[in-house]
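Each chain, letter by letter, is given below.
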Amino acid sequence: MSGFFRDLFAPKRRGLGDDSHFILPDAIGPIQGGVLSRYYARGGVNMDQKNPPDVQNGNSQNNGPAGGLESVPTSGSTPVPTPTDSLILRPMQMDFQDEWTNLRWRNDDWLKPWESDNPLKNQESRESAGLTFNAWIMNIRKTEAAGTGSIFAIFHRGVMIGQISLGAMVYGSIRSGIIGYWIDQGQAGHGYIPRAAAQLCDWAFFDETGPRLHRIEIDMIPDNFRSVRVAQKLGFTEEGLRRRYMYINGQWTDHRIFSLLSDEFPHTICDRLN
């Protein structure tokens, strides 16, 4: 585990009695026996097999053998993956600026229909000019220190291909969070987003350094059928519709709500990882 992230987050987690913090690893890779394993067992895509396009975006905000995970170290107490491994998630960092900026703005038109926003930003002078990349990273660090969320870059064989977040986290008797994501248009259709979301769920549910959530949501506007497929492939359960739930592309929009629970998986996963 990275000394930077361990030193940044471990003291606060260890010092709080409510267990409402997490420790970020250098990278999040596969964990055997959880969401990703079940995804493969149900017919998830192999890492380089192209299927019809999976979902490009989930608002926050696929054919392999059972257990067919790649041989990649897991996050947590064991050695973490390196950027040269097939698919890993790395906490967003200052030195990602050039790669992230090029990726994000190259896909601006592709992502715009699903873009969440602040409806009051024109009334808030501090936001009207937009955040710099460095200010955005500092805000992410504050959110992580508060234990309420984090944003990760998705790397495939060392190349950044998208972004995934875990946010809106609450603890106590609820212990829940929401996943959001987007991917480079040129990388859609390879099953990368379902795999990235599965790896993030496994870390958030089962890793001893993670937030140890009980419930994770993926929420999307009703006609984002590709994102619906991601939730379905990962075994999320649809719970219903929230009216005008999020401000997307300039208007309040309804969202379909899908959830996954940690206790849908064998308790031996947690025992083994601990």
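Scroll up to find the structure this text is about.
None of the values given here were measured: they were computed from a predicted structure. (Residues numbered from 1 in each chain as written. Predicted model: local features only at pLDDT ≥ 70, side-chain atom pairs only at ≥ 80, totals over all residues. Heavy atoms only, no water.)

## Details of the overall build of the protein chain
Alright, step 1. When helices and strands are tallied, the protein chain shows 9 helices and 8 strands.
Alright, step 2. For the protein chain, with 274 residues in total, the buried portion stands at 54%.
Alright, step 3. Accessible area of the protein chain: about 12200 Å², with a carbon and sulfur share of 51%. (Helix = DSSP H or I, 4+ residues; strand = E, 2+ residues; numbered from the N terminus. Buried < 20%, exposed > 50% of the residue type's maximum accessible area, 1.4 Å probe, protein only. Areas by Shrake-Rupley, 256 points an atom, 1.4 Å probe, with all protein chains shown as cover.)

## Things to note about the side chain of R256
Alright, step 1. Its place among the elements puts R256 in strand β8 (residues 251-261).
Alright, step 2. Apart from the residues lying within four places of it in its own chain, the contact partners of R256 are I218, D219, M220, P222, V228, E238, G240 and L241. (Contact = heavy atoms within 4.5 Å.)

## What about the environment of L166?
Alright, step 1. Note that L166 resides in strand β4 (residues 159-170).
Alright, step 2. Relative accessible area serves as the criterion here: at 2%, L166 is assigned to the buried category.
Alright, step 3. A sequence separation of 51 residues divides L166 from E217, and the C-alpha atoms of the two residues are 9.4 Å apart.
Alright, step 4. Leaving out residues up to four positions away in the same chain, L166 has contacts with T148, G149, S150, G177, I178, I179, L200, W203, A204, P211 and L213.

## Quick look at the pairing of strand β7 (residues 237-248)
Alright, step 1. Relative to β8, β7 runs antiparallel, the two being bridged by 8 bridges. Bridging across to β8, R242 finds its partner in H255.
Alright, step 2. A loop of 2 residues connects β7 with β8, the two strands running antiparallel in sequence, and N249 in this loop sits at a positive phi of about 50°. (Pairing = 2+ DSSP bridges.)

## Thoughts on the pattern of salt bridges
Alright, step 1. Considering all chains together, one arrives at 10 salt bridges under this definition.
Alright, step 2. Residue R38 pairs with E264 through a salt bridge whose shortest N-O separation is 4.0 Å.
Alright, step 3. Overall, the relative accessible area of 19% leaves R38 in the buried class.
Alright, step 4. E264 gets classed as partly exposed once you look at its relative accessible area, which sits at 34%.
Alright, step 5. The partner of E217 in a salt bridge is R215, and the shortest N-O contact between them spans 2.7 Å. Each member of the pair, E217 together with R215, is buried.
Alright, step 6. Where salt bridges share partners, they join R104, D108, K112 and E115 into one cluster. (Salt bridge = Lys/Arg side-chain N within 4 Å of Asp/Glu carboxyl O.)

## Here we look at unusual backbone geometry
Alright, step 1. At A168, a position not held by glycine, the phi torsion is positive, near 55°.
Alright, step 2. The phi torsion at R212 lies on the positive side, around 55°, for a residue other than glycine.
Alright, step 3. Here R212 is to be found in the loop between α7 (192-206) and β6 (215-220).

## With respect to helix α3 (residues 97-106)
Alright, step 1. Taken together, the buried positions of α3 are occupied by W100, L103 and R104. Projected onto a plane normal to the axis of α3, the buried residues spread over an arc of 95° and lie on a single side. Facing away from the buried side of α3, by more than 90 degrees, are the exposed residues D98, N102, W105 and R106.
Alright, step 2. Tucked into the core, α3 has its buried residues touching α4 (108-111), α6 (133-146), β4 and β5 (176-183). (Arc of directions from axis to C-beta.)

## Let's talk about helix α8 (residues 225-233)
Alright, step 1. Those residues of α8 lying buried are S227, V228, V230, A231 and K233.
Alright, step 2. Just downstream of α8, G235 is the residue with a positive phi angle, here 85°.

## Notes on the nonpolar core
Side chains that are nonpolar tend, in soluble globular proteins, to be buried together.
Alright, step 1. Formed by 42 residues in total, the largest nonpolar core has its most connected members in I164, I179, L200, W203 and F236.
Alright, step 2. Here the element with the most residues in this core is α7; it accounts for 11 residues.
Alright, step 3. Aside from chain neighbours lying at most four places away, what touches F236 is C201, I216, E217, I218, A231, F258, S259 and L260. (Core = buried A, V, L, I, M, F, W, Y, C linked by side-chain atoms within 4.5 Å.)

## A short note on the packing of α3 against α6
Alright, step 1. In the contact formed by α3 and α6, the axes pass within 11 Å of each other and the chain directions differ by 105°. It follows that α3 is roughly perpendicular to α6 by the angle criterion. Listed contacts from α6 to Q97, W100 and T101 of α3 are F133, N134 and W136.
Alright, step 2. Of the residues belonging to the contact of α3 with α6, the class tally is 3 nonpolar, 3 polar and no charged. (Axes fitted to C-alpha atoms, helices over the stretch in contact; angles between N-to-C directions. Parallel < 35°, antiparallel > 145°, perpendicular 65-115°, else oblique. Nonpolar A, V, L, I, M, F, W, Y, C, P; charged D, E, K, R; others polar.)

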